[in-house]
Amino acid sequence: NRDKAVEYNDKKLDVGDQLVKKLKDNDSLDFHFVNSKEANKGLKNGDYYMVITIPSNFSKNATTLLDKNPKKMIEVGEDIFQLLMLLLELELQKN
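Quick caveat, the model's predicted, so the values are computed rather than measured.

Novice: Honestly, the nonpolar core in this entry has me stumped. Any pointers?
Specialist: Nonpolar side chains tend to gather and get buried jointly when the protein is soluble and globular. Counting residues in each nonpolar core, the largest one holds seven residues, listed as Leu13, Val15, Val20, Ile54, Phe58, Ala62 and Met73. Put simply, the parts of the chain that give this core at least two residues each are helix H1 (15–25) and helix H3 (58–62). Excluding residues that lie within four positions of it along the chain, Met73 makes contacts with Val15, Pro55, Phe58, Asn61, Ala62 and Leu65.

Novice: Is there a simple way to think about the confidence of the model for the chain in this case?
Specialist: Interpretation of this model should avoid reading the predicted coordinates in detail wherever pLDDT is low. Across the chain, the average pLDDT comes to 84, with 86% of residues at 70 or higher. The least confident element of the chain is helix H4 (residues 78–94), whose mean pLDDT is 69; the most confident is strand S1 (residues 6–8), at 93.

Novice: Even after reading the chapter, I still don't get the side chain of Ser59, so can you show me in this structure?
Specialist: Relative to the elements of secondary structure, Ser59 occurs in helix H3. Setting aside chain neighbours within four positions, we find Ser59 in contact with Asp3, Lys4, Val6, Leu13, Asp14, Val15 and Gly16.

Novice: Whenever I open this one, the environment of Leu29 confuses me. Can you help?
Specialist: Checked against the element boundaries, Leu29 lands in the loop between H1 and helix H2 (36–44). Through-space distance from the C-alpha of Leu29 to that of Leu87 is 8.7 Å; in sequence the pair is 58 residues apart. Apart from residues no more than four positions distant in its own chain, Leu29 is found in contact with Leu83, Leu86 and Leu87.

Rules used throughout
Residues numbered from 1 in each chain as written. Predicted model: local features only at pLDDT ≥ 70, side-chain atom pairs only at ≥ 80, totals over all residues. Heavy atoms only, no water. Core = buried A, V, L, I, M, F, W, Y, C linked by side-chain atoms within 4.5 Å. Buried < 20%, exposed > 50% of the residue type's maximum accessible area, 1.4 Å probe, protein only. Helix = DSSP H or I, 4+ residues; strand = E, 2+ residues; numbered from the N terminus. Contact = heavy atoms within 4.5 Å. pLDDT = per-residue confidence, 0-100.

Set out below in structure tokens:
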């Protein structure tokens, strides 16, 4: 999580931290929260099959969601998109 919190409407906005907390609370998948060096090492030696890096401008870009031309919060490949859809489905099944 490289996200940097921002001020938005006189409040601290830390979408990256909120996402990490949500993932840590989700026991549907075996997430590991490690630094980028450990993540790349684990990916290379087969301990991990995917690395998700939350960019530093994640919260900043979230403040543009209601703008006419919102900025992308993250670039996702097809594998990440499928993972996010799975997480969403699992979350919806809980409710």
